[in-house]
Amino acid sequence: VLAPYGMNQISPVNRLKPPSVRFWLGTDHLGRDMLSRILYGAQLSVIIGFAAATLATFISIFLGIVTGYLGGKVDLVVQRLVDAWMSFPELIILIVVVSVLGPGMPQVIFVLGLTFGIAGSRIVRGAVVSVRENMYIHAAQSMGAGTPRILLQHILPNILPPVIVLFTTRVGAVILVESGL
């Protein structure tokens, strides 16, 4: 919709044109519009970036809320697994998993979402641990509110600011790692 010309639309008479009103970023040696080529190229990266960051955010929220709220042995075991996962270089994990699963956009989104989601669970867990000690959580527990209600209505809304920051930083990081992959 945004691209004024097709990605591979060749116009030999418009070869190597400088930026102008007709070609905002000029043309290449075959007369293709550079703005259109950039927009088409960015489309895939943006789709993968947002999809993987969304998956990573959901994984981070799930792991972080469960381990942060429950605490104890569950927290200890899951966080040690997260530490072990984070000790391996991201790019090596990504290359190995993508080589096993095969190439393709869904596989890349899954692997990137899983990698960044597990690492981001530590941030969400920290926010949950700080929120769970507030008086309104203790009041909800004393009134008989169940764990799902406390998690969804009291803890989740109060940890949204770090989750939003986590999501927005993950989009850029995912695009960078995906381009390296």
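Before any of the text, the structure's been laid out above.
This is a predicted model, so every value here is computed, not measured. (Residues numbered from 1 in each chain as written. Predicted model: local features only at pLDDT ≥ 70, side-chain atom pairs only at ≥ 80, totals over all residues. Heavy atoms only, no water.)

Quick look at the overall build of the chain
Rule in force here: Only DSSP runs of H or I covering at least 4 residues are called helices, and only runs of E covering at least 2 are called strands; the numbering of each starts at the N terminus. As a reference, a globule follows 2.2 Å times the number of residues to the power 0.38, and the radius of gyration itself is taken over C-alpha atoms. For each residue, the accessible area found with a 1.4 Å probe, counting protein chains only, is set against the maximum for its type, and the residue is called buried under 20%, exposed over 50%, and partly exposed in between. Should any heavy atoms of two residues lie within 4.5 Å, those residues are counted as being in contact.
Along the backbone of the chain there are seven helices and zero strands. Tracing the chain from N to C terminus, the helices and strands come up as α-α-α-α-α-α-α. Here the C-alpha radius of gyration of the chain, 23 Å, is well above what a compact globule of 181 residues would show, namely 16 Å. Each principal axis of the C-alpha atoms in the chain carries an extent, and together these give about 75 × 35 × 20 Å. Within the span of the chain, comprising 181 residues, buried residues form 34% of the whole. Here the contacts in the chain between residues at least 6 apart in sequence split such that 67% fall between residues at least 24 apart.

Observations concerning the packing of helix 2 (residues 72-86) against helix 4 (residues 105-132)
In plain terms, the rule: A fitted line through C-alpha atoms represents every axis, and for helices the fit uses only the stretch in contact; the resulting angles, taken between N-to-C directions, go from 0 to 180 degrees. Small angles under 35 degrees read as roughly parallel and large ones over 145 as roughly antiparallel, with 65 to 115 read as roughly perpendicular and the rest as oblique. In this scheme the handedness of a crossing depends on how the near helix is turned from the far one: anticlockwise by less than a right angle means left-handed, clockwise means right-handed. Each residue is assigned to one of three groups, with Ala, Val, Leu, Ile, Met, Phe, Trp, Tyr, Cys and Pro labelled nonpolar, Asp, Glu, Lys and Arg labelled charged, and all others, Gly among them, labelled polar.
One way to put it is that helix 2 packs onto helix 4 with a least axis distance of 10 Å and a crossing angle of 130 degrees. Considering their axes alone, helix 2 and helix 4 lie oblique with respect to each other. Where helix 2 crosses over helix 4, the two elements pack in a sense that is left-handed. Residues D75, Q79, V82, D83, W85 and M86 of helix 2 form the contact with helix 4, whose participating residues are L114, T115, I118, A119, S121, R122 and R125. Residue composition of the contact of helix 2 with helix 4, grouped by class: six nonpolar, three polar and four charged.

Notes on a nonpolar patch on the surface
Filter applied, for reference: Patch membership needs two things, relative accessible area over 30% and no salt bridge, and members are linked within 9 Å if like-charged or within 5 Å if nonpolar (Val, Leu, Ile, Met, Phe, Trp, Tyr). Areas reported here follow the Shrake-Rupley algorithm with a probe of radius 1.4 Å; residue values treat only the protein chains shown as occluding. Salt bridges, as used here, are contacts in which a Lys or Arg side-chain nitrogen is within 4 Å of a carboxyl oxygen on Asp or Glu.
On the surface, I92, V96, V100, L101 and F110 cluster together to form a nonpolar patch covering roughly 490 Å² of accessible area. The element best represented in the nonpolar patch is helix 3 (residues 90-101), accounting for four residues. The exposure class of L101 is partly exposed, given its relative accessible area of 43%.

Topic: the packing of aromatic side chains
Where we set the bar: Here a pair means two rings of Phe, Tyr or Trp (six-membered ring of Trp) with centres within 6.5 Å. Their orientation is stacked below 30 degrees between planes, edge-to-face above 60, and tilted elsewhere.
Under the defined criterion, the tally for this structure stands at two aromatic pairs. Ring centres of Y5 and F23 lie 5.4 Å apart, and the angle between their planes is 35 degrees; on these two criteria the pair is classed as tilted. Of the two residues, Y5 is situated in the segment before helix 1 (34-70) and F23 in the segment before helix 1; the sequence distance between them amounts to 18 residues. When the centroid spacing of 6.2 Å and the interplanar angle of 45 degrees are considered together, the rings of F50 and F167 count as tilted. Here F50 is found in helix 1, whereas its partner F167 is found in helix 7 (residues 160-180), with 117 residues between them in sequence. Since its relative accessible area comes to 43%, F50 is described here as partly exposed.

Some remarks on the side chain of T115
Tracing the backbone shows T115 in helix 4. Classification of T115 as buried rests on a relative accessible area of 3%.

Observations concerning the environment of V129
Of note, V129 is situated in helix 4. For V129, a relative accessible area of 25% gives the class partly exposed. Taking the C-alpha atoms as reference, V129 lies 26 Å from A52; in sequence the two are 77 residues apart.

Observations regarding the side chain of R32
Our working rule: Nitrogen and oxygen atoms within 3.5 Å of one another constitute a polar contact, given that in protein one can donate a hydrogen and the other can accept it, and given that sequence-neighbouring residues count only through two side-chain atoms.
In this fold, R32 is placed in the segment before helix 1. Of note is the side chain of R32, whose polar atom sits 2.8 Å from the side chain of D28. Excluding residues within four positions of it along the chain, R32 makes contact with M7, N8, Q9, I10, G26, T27 and R37.

Looking at helix 3
Definition in use: Given a helix with a known number of residues, its expected span is that number minus one, times 1.5 Å. The reported arc concerns the directions from the helix axis to the C-beta atoms and nothing else.
For helix 3, built from twelve residues, the straight-helix expectation of 16 Å at 1.5 Å per residue is met to within 8% by its first-to-last C-alpha distance of 16 Å. By the burial criterion, the buried members of helix 3 are I93, L94 and V98. Buried residues of helix 3 fall within an arc of 120 degrees about the axis and therefore sit on the same side. When the buried face of helix 3 is taken as reference, the exposed residues oriented beyond 90 degrees from it are S99 and V100. Residues of helix 3 that are buried in the fold lie against helix 2, helix 4 and helix 7. In the stretch just after helix 3, G102 is the one whose phi turns positive, near 100 degrees.

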